[in-house]
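Structural description and commentary
So you can see what is in the structure, the chains are spelled out below.
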Amino acid sequence: PQYNYILASRPADGVGLITLNRPKALNALSSPLFEELNHALAQFDEDDGVRALVLTGSEKAFAAGADIKEMKDKEYSDVFKAKFLENWSLVTQIRKPIIAAVSGYALGGGCELAMMCDIILASPTAVFGQPEINLGIIPGGGGTQRLTRAVGKSLAMELVLTGRNFTAAEAASWGLVSRVSENVLDDALAVAGNIASKSAIAVQAAKEAVNIALETSLTEGVRYERRVFHGLFATKDQKEGMAAFAEKRKPTWAHS
Ligand code: HXC
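This one's a predicted model, so the numbers in the text were calculated from it and none came from an experiment.

1. What about the overall build of the chain?
The secondary structure content of the chain amounts to eleven helices and ten strands. For 256 residues, the compact-globule estimate of 2.2 N^0.38 gives 18 Å, and the chain sits close to it at 19 Å. Over its C-alpha atoms, taken along the principal directions, the chain stretches across nearly 65 × 45 × 40 Å. Expressed as a percentage of its 256 residues, the buried residues of the chain come to 41%. Across the chain, every contact between residues at least 6 apart in sequence was considered, and the portion connecting residues at least 24 apart equals 67%. Carbon and sulfur atoms make up 56% of the accessible area of the chain, which amounts to about 13800 Å² in all.

Below, the structure written as structure tokens:
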């Protein structure tokens, strides 16, 4: 489909790429933009030919936040009745892995969108932050929760209460991003291509299991993992993967 605020493409076998494309507003995440993003993510999630996704912005901005001009005159009753931002969390319902390739600003909702992805790679130019406090609000796209889980209480408090920006190097040293890369989009596409070469069913099961780690106790999480692990013995790809090892050849995945 033709989008106004994003681009969707298939740059390599098994890989879907979504590029936020609202350059005049530094990819500010307006409601129409987010609807397009959710639509594109859902389409890729349904497409059996796509097994890993990359989400990126421009050199200058991954996304400079929720659209402040769209929000500024809203009343409590408006945002309450419209369930404002509720549809943002649809990103976390996508079953295929999403790799965020972040260059430039990832502020406020932009930082939160990156944190909803499964892997974040950052260009050395990336500037992260939760500056909402400077607007008289707090993060509303999961920032207080996901940043705290990612970096711990003291740092999350400092970042959310001061609203200060932080660098790609800081984010990497805290484990918020997995690495800093000069060619962040190429690198993200390479990681996506690598993941797309695995069994899609195993990849989706693995994503689900890692995410459970952030939701539950260790005992429950390990029990969940074992159940899913057992379940994978009902797949063609478990048979193929182990047969290929024994026969010293490469597996050919059925993705089922
Ligand atoms: C609406 C925005 C925007 C935003 C930038 N623009 N960020 N519009 N919402 N979040 C617009 C500017 O108004 C301007 O439009 C154009 O993009 C270029 O931005 P400039 O400010 O001129 O660029 P620059 O001087 O390079 O500064 C870049 C910047 C600054 C430091 C990123 O734009 C900035 O501080 N933006 C806001 C960052 C922020 O506070 N984000 C959190 C938003 S709150 P014109 O028309 O003037 O050219 C949020 C809530 C989250 O995200 C809770 C829900 C998830």
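2. Observations regarding the sheet that holds strand β2 (residues 15-20)
The strands that make up a sheet pair up through hydrogen bonds in the backbone, lying either parallel or antiparallel. Read across the open sheet, the six strands follow the order β1-β2-β3-β5-β7-β10; overall the sheet is mixed. The open sheet has two free edges, formed respectively by β1 (6-12) and β10 (179-180), since each of these has just one partner strand. Where strand β5 (residues 98-102) meets strand β7 (residues 119-122), four bridges bridge the pair, whose relative direction is parallel. Across the sheet, residue isoleucine 99 finds its bridge partner in β7, namely isoleucine 119.

3. Description of the packing of aromatic side chains
For the structure on display, the rule yields five aromatic pairs. An angle of 10 degrees between the planes, with centres 4.3 Å apart, marks the rings of phenylalanine 34 and tryptophan 88 as stacked. One end of the pair, phenylalanine 34, is in helix α1 (residues 31-46); the other, tryptophan 88, is in the loop between α3 (76-81) and β5, and 54 residues separate them in sequence. Seen from their ring centres, phenylalanine 128 and phenylalanine 166 are 5.6 Å apart, and the 15 degrees between their planes marks the pair as stacked. One end of the pair, phenylalanine 128, is in strand β8 (residues 127-129); the other, phenylalanine 166, is in strand β9 (residues 165-167), and 38 residues separate them in sequence. Like phenylalanine 166, phenylalanine 128 is buried. Through successive ring pairs, a cluster of aromatic residues spans Phe128, Phe166 and Trp174. Directly above the ring of tyrosine 5 sits arginine 22, whose terminal nitrogen or CZ lies 6.0 Å from the centroid. Between the NZ or CZ atom of lysine 74 and the centre of the ring of phenylalanine 84, over which it lies, the distance is 5.7 Å.

4. Brief notes about the pairing of β7
Judged from the two bridges that link them, β7 and β10 form a sheet pairing that is parallel. Bridge pairing in β10 places leucine 121 opposite arginine 179.

5. Observations regarding the site of the ligand
The ligand sits among 23 residues. The nearest are Lys60, Ala64, Ala66, Lys69 and Gly109. A distance of 3.4 Å is found between an oxygen atom of the ligand and a backbone nitrogen or oxygen belonging to lysine 24. A distance of 2.9 Å separates an oxygen atom of the ligand from a polar atom in the side chain of lysine 60. Alone, the ligand offers 1000 Å² of accessible surface; in the complex the protein occludes 65% of this. Taken together, the elements giving at least two residues each to the shell around the ligand come down to α2 (68-71), β6 (105-107) and α4 (109-116). Looking at side-chain class alone, the shell around the ligand contains twelve nonpolar, five polar and six charged residues.

6. Considerations on a nonpolar patch on the surface
Taken together, the side chains of Ile68, Leu135 and Ile137 define a hydrophobic patch exposed on the protein surface, amounting to about 250 Å² of accessible area. Note that leucine 135 resides in the loop between β8 and α5 (143-151). Residue class for leucine 135 comes out partly exposed when judged on its relative accessible area of 48%.

7. Here's the deal with α4
Across the eight residues of α4, eight count as buried, placing the element largely inside the fold. Within α4, the full set of buried residues consists of Gly109, Gly110, Cys111, Glu112, Leu113, Ala114, Met115 and Met116.

8. A closer look at the packing of α5 against helix α6 (residues 153-162)
For the pair α5 and α6, interaxial distance at closest approach is 7 Å and the crossing angle is 140 degrees. Here α5 is positioned oblique relative to α6, judged by the angle of their axes. Regarding α5 and α6, the two cross each other, and that crossing is right-handed. Together, Thr144, Leu147, Thr148 and Val151 of α5 and Lys153, Leu155, Ala156, Leu159 and Val160 of α6 make up the contact between the two elements. When the residues that make up the contact of α5 with α6 are grouped by side-chain class, the tally is six nonpolar, two polar and one charged.

The rules we used
- Residues numbered from 1 in each chain as written.
- Predicted model: local features only at pLDDT ≥ 70, side-chain atom pairs only at ≥ 80, totals over all residues.
- Heavy atoms only, no water.
- Helix = DSSP H or I, 4+ residues; strand = E, 2+ residues; numbered from the N terminus.
- Rg over C-alpha atoms; globule rule 2.2 N^0.38 Å.
- Buried < 20%, exposed > 50% of the residue type's maximum accessible area, 1.4 Å probe, protein only.
- Contact = heavy atoms within 4.5 Å.
- Areas by Shrake-Rupley, 256 points an atom, 1.4 Å probe, with all protein chains shown as cover.
- Pairing = 2+ DSSP bridges.
- Phe/Tyr/Trp six-rings, centres within 6.5 Å; stacked < 30°, edge-to-face > 60°.
- Lys NZ or Arg CZ within 6 Å of the ring centre and 35° of its normal.
- Near = heavy atom within 4 Å.
- Polar contact = N/O pair within 3.5 Å; in protein donor to acceptor, adjacent residues only side chain to side chain.
- Nonpolar A, V, L, I, M, F, W, Y, C, P; charged D, E, K, R; others polar.
- Patch = residues over 30% accessible without salt bridge, like charges linked within 9 Å, V, L, I, M, F, W, Y side chains within 5 Å.
- Salt bridge = Lys/Arg side-chain N within 4 Å of Asp/Glu carboxyl O.
- Axes fitted to C-alpha atoms, helices over the stretch in contact; angles between N-to-C directions.
- Parallel < 35°, antiparallel > 145°, perpendicular 65-115°, else oblique.
- Left-handed = near helix turned anticlockwise from the far one by under 90°.

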